[in-house]
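Residue strings, one per chain:
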Amino acid sequence: MLFNLNKNQIILYLNYIYINNSLILKLYEKTGFKDFFNKDRIFYDFLTDKQYEKIFSSKNLDNFKPYLDRINKEGYTYVTFLDEDYPINLRNIDDRPAILYYKGSLDKIGDQNSLAFVGSRKCTAYGKWAANHICSKIARANLTTVSGLAYGIDAICHRASLDLSKRTIGVIGCGIDQIYPRQNKDLYERMEENGLILSEYPLGTSPLAYNFPRRNRIISGISLGTIVIEAREKSGTMITTRCALDQGREVFALPGNINSIYSKGTNKLIQEGAKLILDAEDILEEIDYLIDRSKIENTKDYSKLDKGELEVVRYITDYPNIGVDKLIELTGQPIEIINYLLTALELKDYIENIGNNEFIIKE
């Protein structure tokens, strides 16, 4: 039997035998996992006989040995709520996950500045455009994006971030060794290399329907706020939104066609007090007080720009989506000079023309 497990391995064991997450937290609160397997039954009087027998079963402990060996041999990584690297935003939510298996890399500090995107799997063309448009701007602002690695809005938002070489987190409702849906295999592999995939479920756990509502509290809890792109009135998206509200997180909703079933949820959220958003700037302005600017790395070096270029960059920074006419008005420069400066900045990869001669800073 394995009675010399450290605290993290005890959490791993309890998770492996599918002990309820809240009970794992309670066991730590009561015992600190000190001499966990050596205490008398009376010490665990808060456990039912069934729970006690399951936890202290010799058979379960023996079966855990090959599972632990597999974790170590195949290089599966995990973090528990006792670890320094555990995501900061999750620490104080109710029923925080005791353990998170992960692929990719943890970024405890950087991921403090993260926003969740949720929405319908069967999204409309409007939803697809809005998800890509808004998520891209959030990613360019150097905020981490979070979603559920599912079809539809989830996949669009993950890809929007990855295509800009920005960080994104996927929280899945099955074991970290499972890829679901299979059609997202390429996305899963990209995130494994350049992002982070999280799961609180033991290896081998199938993507069962009741796992997904549970994982939604992690999507909202790891984020500063949740952005709802499209949602039916009764859907998993709305479950995530309720989690966000219960956790005291910001909720943003994109308005939609009142005749569309995919906008009934978002429109209702707005009726009930969610922040109506028309663009990413609406979100960034609302959460500005929450963002730790010192944790956002500025990778652009403006030291080689001349005075005219710097002036244009400053105005584009202050007025995202600014057009040529507005730049002429603000700088007092003729159109020929402005067009020259804009072309130079585009070639140097400092700004981006997003259409209709409107410009944003390129992160």
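It should be noted that the structure appears before, not after, this text.
Everything in this summary refers to the structure shown in the same document. (Residues numbered from 1 in each chain as written. Predicted model: local features only at pLDDT ≥ 70, side-chain atom pairs only at ≥ 80, totals over all residues. Heavy atoms only, no water.)

1. Examining the layout of surface pockets
Part 1: The computed volume of the second largest pocket comes to approximately 460 Å³.
Part 2: Considering the residues around the second largest pocket, the lining is formed by 27 residues, among which Gly119, Arg121, Ala150, Gly236 and Thr237 are closest to the centre.
Part 3: At the level of elements, α8 (211–221) and α9 (236–246) are the ones that each hand at least two residues to the lining of the second largest pocket.
Part 4: By residue number, the principal contributor to the lining of the second largest pocket is α8, which donates 5 residues.
Part 5: Class assignment of the residues belonging to the lining of the second largest pocket gives a composition of 13 nonpolar, 9 polar and 5 charged. (1 Å grid on protein atoms, 1.4 Å probe; cavity = no way out; pocket = protein on both sides within 12 Å on 5 of 7 lines; lining within 4 Å. Points joined across faces, edges and corners; volume = space filled by probe spheres on them. Helix = DSSP H or I, 4+ residues; strand = E, 2+ residues; numbered from the N terminus. Nonpolar A, V, L, I, M, F, W, Y, C, P; charged D, E, K, R; others polar.)

2. Structural notes on the pattern of salt bridges
Part 1: Under the criterion given, the structure shown has 20 salt bridges.
Part 2: Of the charged contacts, one joins Asp49 and Arg41 as a salt bridge, the two residues approaching to 2.9 Å between their closest N and O atoms.
Part 3: Here the salt bridges share partners, and the residues they tie into one network are Asp95, Glu200, Arg214 and Arg217. (Salt bridge = Lys/Arg side-chain N within 4 Å of Asp/Glu carboxyl O.)

3. Section: the packing of helix α12 (residues 307–318) against helix α14 (residues 335–347)
Part 1: Two numbers describe how α12 lies on α14: the axes approach to 10 Å, and their chain directions differ by 80°. One element, α12, and the other, α14, form an angle in the roughly perpendicular class. Judged by residue contacts, Gly308, Glu309, Val312, Val313 and Ile316 of α12 engage Ile338, Leu341, Leu342, Ala344 and Leu345 from α14.
Part 2: Class assignment of the residues belonging to the contact of α12 with α14 gives a composition of 8 nonpolar, 1 polar and 1 charged. (Axes fitted to C-alpha atoms, helices over the stretch in contact; angles between N-to-C directions. Parallel < 35°, antiparallel > 145°, perpendicular 65-115°, else oblique. Contact = heavy atoms within 4.5 Å.)

4. Notes on the side chain of Asn216
Part 1: Here Asn216 shows up in helix α8.
Part 2: We classify Asn216 as buried; its relative accessible area is 4%.
Part 3: Leaving out residues up to four positions away in the same chain, Asn216 has contacts with Gly236, Ile239, Thr240 and Cys243. (Buried < 20%, exposed > 50% of the residue type's maximum accessible area, 1.4 Å probe, protein only.)

5. Looking at the packing of aromatic side chains
Part 1: One pass over the structure, following the stated rule, counts 19 aromatic pairs.
Part 2: Here the aromatic rings of Tyr16 and Phe64 are separated by 5.6 Å at their centres, their planes lie at 45°, and the arrangement is tilted. One end of the pair, Tyr16, is in helix α1 (residues 7–16); the other, Phe64, is in helix α4 (residues 58–73), and 48 residues separate them in sequence.
Part 3: A relative accessible area of 0% means that Phe64 is categorised as buried.
Part 4: On the basis of an interplanar angle of 85° and a centroid distance of 5.3 Å, the ring pair of Tyr28 and Phe81 is categorised as edge-to-face. With Tyr28 in helix α2 (residues 21–31) and Phe81 in the loop between β1 (77–80) and β2 (99–104), the pair connects residues that are 53 residues apart, well separated along the chain.
Part 5: Under the relative-accessibility criterion, Phe81 is labelled buried at 6%. (Phe/Tyr/Trp six-rings, centres within 6.5 Å; stacked < 30°, edge-to-face > 60°.)

6. Section: the sheet that holds strand β7 (residues 225–228)
Picture the strands of a sheet paired through backbone hydrogen bonds; they go either parallel or antiparallel.
Part 1: An order of β1-β2-β6-β5-β4-β3-β7-β8-β9 is seen for the 9 strands of this open sheet, with the pairing classed as mixed. Strands at the two margins of the open sheet, each flanked by one partner only, are β1 and β9 (275–276).
Part 2: In this structure, β2 lies alongside strand β6 (residues 196–199), joined through 4 bridges in antiparallel fashion. By the bridge assignment, Gly104 is partnered in β6 with Leu196. (Pairing = 2+ DSSP bridges.)

From the geometry alone we can't say anything about function, so treat these as descriptive.
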